[in-house]
Amino acid sequence: MTLQAFTIGSLLLSAVVFPSGMIYGQYALELSLEATAETEDGRQFLNPWAGGLNNAQFSPVDLNGDTLPDLLVFEKAGNRWLPFAGESDATGFQFRYDPQWLDGLPQASVLGLALDYDGDSDADVFTYTGTGISVWRNRLVEDGVWKFVRYRNGKALPTERDGIGQELRMTGGDIPAIEDLDADGDLDILVANASGVFVEFHANRSIERFGHSDSLVYELVSDCWGRFMENASDDGISLDTCLSPVAPPASGFRISGNAIARSTGSASLRPAHAGSSLCLTDISGDGIKDMLIGDSGASRIGYLYNGGSDDDANMLVHEPGWPASDVPVLAPLFPAAFALDANGDRRTDIAISPQDRGFSGNFNSLLLYTDTSSSSVPAFSLEQTGFLQQDMLDFGEGSCPAVLDFDGDGDQDLVVGNAGYSDASGDRKAQLALLENNGALPPGFRLLDTDFANLSELAIERRCACPAFADLDGDADPDMITGNEEGQLDYFENIALPGEPASFIWMETFYQEIDAGSFAMPAFGDLSGDGLPDLVLGERNGNLNYYRNTGSASAPFFALQEDFWGEVQVSEGGLLNVGFSAPFLWQNDHGGHDLFVGSLGGKVFFFRDIYESGNPAFVVADSAFAGKPDGERSVPALADFDRDGRPDLVLGNFAGGMVYFRGLPGTTSWMDWQPESSSIAVVPNPAGQCFSIRLTGHDQVRCSVYDHFGRERWRGTAGVNPQPICLDLPPGIYTIKAQGLPAVRIVIAP
């Protein structure tokens, strides 16, 4: 199987040509895992570009037919799928991100569990409809590509309660347990009831009614499976307690025992469902499935020992802080347990992931407990506090990458902001990370700093910080602004001496009293053509704000021109009108600017050859620039990271990670570039480090050379008989502007 790709010409074509890439005009990109990343001490990230994890749901699957366990992970923060293939080498067992399996995976929301319900050895997908559980059936085609079709046209699964047919309802956010509890060959379902107090057992009747397992028809056989009740106000459990049990069906299922509580207290009148996560696995080693249960308002996992059977459970012991024999789970908020084989030893391990999106831990928050026992009785020990996360570039939540040549070596580095790291208390604090690029092909990044510019230590304490860079004081080096959750900007001055790496100090909050509402996302570009950086701000509402720089190089002043610039709106409707527009300006191959805008829905909107006035409205050239949306709150950053003359793309997302796309042949490159005709002639063009600027019809004019960040790299005069200009410039495309004349481009070749 090959990586997916979309080919896009002047119009978005329907034909899929190269899987996970796209071509539009000068841009040809392909999802790539070739770029490497390492920590400052040299530890390699195994899966740097997997995109991050916050609220994961784990399903053991067989992706490739080998004997090693694989994983299909559903990330609730953005409704993303992440396939991992198990592999074993001299260093041990590991899960490697394998995006080729993304092809064909269905859209899921809130819930994504992969299980084979129809017995064809291919993983089907159980997800949430808005009222209950629905299923995508996997119809594997001959070339090995998954193809999913909706079971019952996407409707919620049916069940019978006292002989009356209805939907098998589940509250959104809950995690059901889906197992063959009655050992008849089809999958049954355990789900918390509407009040969140009891667990319902819905038995699949496919085998009994049709003689095969490829149907999902259910009957409620117990509304108090396990004979326990969750407390109303916390994660406590009352044992040997049931209310209004369902009468035993004719099939022989029964609810044994007669300890029935008729309490009128708060537990029986619980007004709202608090949320439950259910995981069945044999913790005690007696061959009967016990339960690990999580509560939406808690940070612990409870263990319920089953003294009955799988189908007729009787929970006799409750251990509120599992595992009592090791480090108990502390995973805010709403932890869920998932059974899997994490090391290829064929024993069941347990992964823990918080499920309360936005209010749970988002960094090193996935716990792995491995079974270290050599006997039939499991012994679970905490092995990792960042399961899978430690192998990724993961920056908490809401990663927002920006491009900066930090050390002035000509390689484009990355500064990654975020919407904060959450700790165990739920407090959130934004930080910046610095990734140094080695400029190789493919590139390699080193994570030099996870608190760049000491942002977390400053008195301003931001929950969100998304950076952008431009020379804001006229000293020929890039300064930094960061957009924050209040819609305002913080200003950091670069105080590095010439030839030194960038060094930023905080100078001003509420910079120039600019306020975009909330969640300001800045981008700079010389849109007015006067040699000064102008400012574009995205915001939570999904529109763009344009500020023209009416000041000077050393004293910029950003004056609001339009708060609905180009009539760009990426919210795509909805009652809340939320879009989280994230702009990026790219100087294109003929001196203008192309605009890329990330969005809440994960799409990247592409506008070609935009203009300062924003009137008439910008026309969307493509709303699938980076292919199928992969998560939420996409934030694009383009640069030639591998110095091959073609723009590459790094895409941030809500889960805190990043995805890397490399530029392909077909993208604008220095070899393909043709100079514009103008009264300014640059000779030679392309050039090495020396070139001449020659004028036609002018004796002498002041000129400047700018890089694609709008930084002035040279200033001087040009005339009819110019002298050679020799500059130490990294390879790339530069703009030459002369007073009163159209700008031209020059290519500095490697």
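Structure's up top.
Residues numbered from 1 in each chain as written. Predicted model: local features only at pLDDT ≥ 70, side-chain atom pairs only at ≥ 80, totals over all residues. Heavy atoms only, no water.

(A) The overall build of the protein, seen in detail. Each helix and strand counted, the protein has one helix and 55 strands in total. When each of the 750 residues of the protein is scored for burial, the buried share is 59%. As presented, the protein carries roughly 28400 Å² of accessible surface, and 50% of it is formed by carbon and sulfur atoms. (Helix = DSSP H or I, 4+ residues; strand = E, 2+ residues; numbered from the N terminus. Buried < 20%, exposed > 50% of the residue type's maximum accessible area, 1.4 Å probe, protein only. Areas by Shrake-Rupley, 256 points an atom, 1.4 Å probe, with all protein chains shown as cover.)

(B) Structural detail: empty space enclosed by the protein. Per the counting criterion, the structure on display carries six cavities of 30 Å³ or more. Approximately 310 Å³ is the volume found for the largest cavity. Lining the largest cavity are 21 residues, and of these A402, A468, P522, A523 and F584 lie nearest its centre. When residues of the lining of the largest cavity are traced back to their parent elements, those giving at least two are β28 (400–404), β34 (466–470), β38 (521–525), β42 (582–587) and β46 (635–639). Empty space within the second largest cavity amounts to approximately 110 Å³. As for the second largest cavity, its lining consists of 13 residues, and the residues nearest its centre are C466, M521, F580, R633 and V635. (1 Å grid on protein atoms, 1.4 Å probe; cavity = no way out; pocket = protein on both sides within 12 Å on 5 of 7 lines; lining within 4 Å. Points joined across faces, edges and corners; volume = space filled by probe spheres on them.)

(C) Looking closely at the sheet that holds strand β10 (residues 133–138). Pairing in this open sheet of four strands is antiparallel, and the strands run β8-β9-β10-β11 from one edge to the other. Among the strands making up the open sheet, the edge pair consists of β8 (112–115) and β11 (148–150). The average undirected angle you get between the axes of adjacent strands in this sheet is 30 degrees. (Pairing = 2+ DSSP bridges. Axes fitted to C-alpha atoms, helices over the stretch in contact; angles between N-to-C directions.)

(D) Up close: unusual backbone geometry. A cis amide bond links P332 to the next residue, L333, at an omega of 0 degrees. As for its placement among the helices and strands, L333 is situated in the loop between β23 (315–319) and β24 (335–340). Geometrically, the link from V683 to P684 is a cis peptide bond, its omega value of -10 degrees lying close to zero. You can see P684 is positioned in the loop between β49 (680–683) and β50 (690–695). One non-glycine residue, D240, adopts positive backbone phi at about 50 degrees. Judged by relative accessible area, D240 falls into the partly exposed class, the value being 41%. The backbone phi angle of Q512 is positive, close to 50 degrees, even though this residue is not glycine. Positionally, Q512 belongs in the loop between β37 (504–509) and β38.

(E) View of the state of the cysteines. With the rule as written, the count across this model stands at three disulfides. Through a disulfide, C400 is tied to C466; the S-S separation comes to 2.2 Å. Its S-S torsion of about -90 degrees marks the bond between C400 and C466 as left-handed, since a negative value means left-handed. Of this pair, C400 sits in strand β28 while C466 sits in strand β34, and the two are 66 residues apart along the sequence. Pair check on accessibility: C400 and C466 agree, each one buried. At a sulfur-sulfur separation of 2.0 Å, the disulfide partner of C690 is C726. (Disulfide = S-S within 2.5 Å.)

(F) How the structure looks around the environment of A313. Among the secondary structure elements, A313 is positioned in the loop between β22 (301–306) and β23. Residues A313 and R227, 86 residues apart in the sequence, show an inter-C-alpha distance of 7.3 Å. When neighbours within four sequence positions are excluded, A313 is seen to be in contact with W225, G226, R227 and N306. (Contact = heavy atoms within 4.5 Å.)

(G) Spatial organisation of the side chain of H593. Locating H593 in the fold gives a position in strand β43 (residues 593–598). When neighbours within four sequence positions are excluded, H593 is seen to be in contact with G525, D526, L527, L585, W586, Q587, N588, R608, D609 and I610.

(H) Seen up close, the packing of aromatic side chains. Scanning the entire structure with this criterion turns up 29 aromatic pairs. Ring geometry for F452 versus F504: centroids 5.8 Å apart, planes at 80 degrees, classification edge-to-face. Remark: F504 occurs in strand β37 and F452 occurs in the loop between β33 (444–449) and β34; sequence separation between them is 52 residues. Judged by relative accessible area, F452 falls into the buried class, the value being 6%. Site record: aromatic cluster; members linked through ring pairs are F58, F93, F95, F338 and F387. In this arrangement the basic side chain of R43 is found over the ring face of F45, its NZ or CZ atom lying 5.0 Å from the centre. Above the plane of the ring of F519 lies R633, whose end atom (NZ or CZ) is 5.4 Å from the centre. (Phe/Tyr/Trp six-rings, centres within 6.5 Å; stacked < 30°, edge-to-face > 60°. Lys NZ or Arg CZ within 6 Å of the ring centre and 35° of its normal.)

(I) How the structure looks around the nonpolar core. By size, the foremost hydrophobic cluster in this structure holds 54 residues, and its most contacted members are F58, L157, F387 and L388. When residues no more than four places from it in sequence are discounted, the contact partners of L388 are L53, F58, L71, V73, F84 and F95. Among the nonpolar cores identified, the runner-up in size contains 35 residues, and F584, F596, A637 and F661 belong to it. (Core = buried A, V, L, I, M, F, W, Y, C linked by side-chain atoms within 4.5 Å.)

(J) Quick look at the pattern of salt bridges. The tally for this structure, following the rule as stated, stands at 23 salt bridges. We note a salt bridge from E167 to R169, for which the minimum N-O separation is 3.6 Å. Overall, E167 belongs to the partly exposed group, its relative accessible area being 31%. The salt bridge involving R646 is made with D644; its shortest N-O contact spans 3.7 Å. Assigned by exposure class, R646 and D644 land together as buried. Linked by salt bridges that have partners in common, E30, E34 and R662 make up one network. (Salt bridge = Lys/Arg side-chain N within 4 Å of Asp/Glu carboxyl O.)

(K) Molecular detail of the sheet that holds strand β39 (residues 534–538). Spatially, the four strands line up as an open sheet ordered β38-β39-β40-β41, and their pairing is antiparallel. Looking along the sheet, the strands with just one partner apiece sit at the ends: β38 and β41 (558–562). In this sheet, neighbouring strand axes are inclined to one another by 30 degrees on average, regardless of whether the strands run parallel or antiparallel. In terms of strand pairing, β39 meets strand β40 (residues 544–549) through four bridges, oriented antiparallel. Each bridged residue has a counterpart across the sheet, and for L537 the counterpart in β40 is N545.

(L) The pairing of strand β51 (residues 700–706), seen in detail. Of all seven residues in β51, five are buried; the element is thus mostly enclosed. With four bridges joining them, β51 and strand β54 (residues 732–738) adopt antiparallel strand pairing. Paired with C703 across the strands is A738, a residue of β54.

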